[in-house]
Amino acid sequence: MYKLLFDSDALIKASKAEFLGKIAENFDVSITEDVYNEAVKEGKKGFYQDADKIENFVNVGRIRVISKRHYKEKKLPEKNFGEGEKSTFQAHKKGSLIVSDDLSFTSYIKKEDIKSLSSAHLIYVLVKKKKLSKGDAHYCLEKLRPYIRKEVYKSVKTDIGE
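Residues numbered from 1 in each chain as written. Predicted model: local features only at pLDDT ≥ 70, side-chain atom pairs only at ≥ 80, totals over all residues. Heavy atoms only, no water.

### Details of the pattern of salt bridges
Proximity of charged atoms lets side chains of opposite charge pair with each other.
Part 1: On inspection of all chains with the given rule, the structure shows twelve salt bridges.
Part 2: Note that D101 and K13 form a salt bridge whose closest N and O atoms lie 3.5 Å from each other. Here D101, found in the loop between β4 (96-99) and α6 (103-111), pairs with K13, found in helix α1 (residues 8-16); they are 88 residues apart in sequence, far enough to count as distant.
Part 3: Residues K86 and E83 are paired through a salt bridge, measuring 3.1 Å at the closest nitrogen-oxygen approach. Of this pair, K86 and E83 both sit in helix α5 (residues 83-91), three residues apart, which is roughly one turn of that helix.
Part 4: For E83, a relative accessible area of 45% corresponds to the partly exposed category. (Salt bridge = Lys/Arg side-chain N within 4 Å of Asp/Glu carboxyl O. Helix = DSSP H or I, 4+ residues; strand = E, 2+ residues; numbered from the N terminus. Buried < 20%, exposed > 50% of the residue type's maximum accessible area, 1.4 Å probe, protein only.)

As structure tokens, then:
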């Protein structure tokens, strides 16, 4: 089973596009305490429904929150990123994939030999593993479309097929 470590942006997008549940059912999903604070605590202050959805996945054990004490002393990225990306970089362990849609962050972690996936590419992975139908995948991808780069959208749409 894939071990996925999400940053805030990708986590929220997966929730908005209605496939976070499928991801949580089929993968070992973790977020850092900082990502939880951004996506849930700050999200609830803004009355975002995604915050409630994410919190529910955490409460039922589908998404694990990594405590700051497990990563706060680890190496920080050499570039300046938001708290969610910084903590995700620090909490990453060999054998897990970082899920991020931040191009600057994913370019940086690639140079650090850390593997990553975009939220859109996870839709394709779910189709390939037969955990999401092509029809449902296209539905989720359309919901994700306003939030992702055009070339990523086209690539994933082509990969999913008809």
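### Focus: the pairing of strand β1 (residues 3-6)
Part 1: With four bridges connecting them, β1 and strand β2 (residues 28-32) associate as parallel partners. Residue pairing across strands places L4 opposite V29, the latter belonging to β2.
Part 2: By the bridge criterion, four bridges tie β1 to β4 in an arrangement that is parallel. Across the sheet, residue L5 finds its bridge partner in β4, namely I98. (Pairing = 2+ DSSP bridges.)

### Section: the packing of helix α3 (residues 33-45) against helix α4 (residues 49-59)
Part 1: Where α3 contacts α4, the axes come no closer than 8 Å and their chain directions differ by 130 degrees. By the angle between their directions, the pair α3 and α4 is classed as oblique. Two packed elements cross with a definite hand, and for α3 against α4 that hand is left-handed. Contact residues: Y36, A39, V40, G43 and K44 in α3; A51, D52, I54, E55 and V58 in α4.
Part 2: Residue classes in the contact of α3 with α4 are distributed as six nonpolar, one polar and three charged. (Axes fitted to C-alpha atoms, helices over the stretch in contact; angles between N-to-C directions. Parallel < 35°, antiparallel > 145°, perpendicular 65-115°, else oblique. Left-handed = near helix turned anticlockwise from the far one by under 90°. Contact = heavy atoms within 4.5 Å. Nonpolar A, V, L, I, M, F, W, Y, C, P; charged D, E, K, R; others polar.)

### A closer look at the environment of L122
Part 1: Here L122 lies in helix α7 (residues 119-128).
Part 2: The spatial distance from the C-alpha of L122 to the C-alpha of K22 is 9.9 Å, given a sequence separation of 100 residues.
Part 3: Those residues within four positions of L122 in sequence are excluded, and the remaining contacts are L4, F6, F19, I23, V99 and L117.

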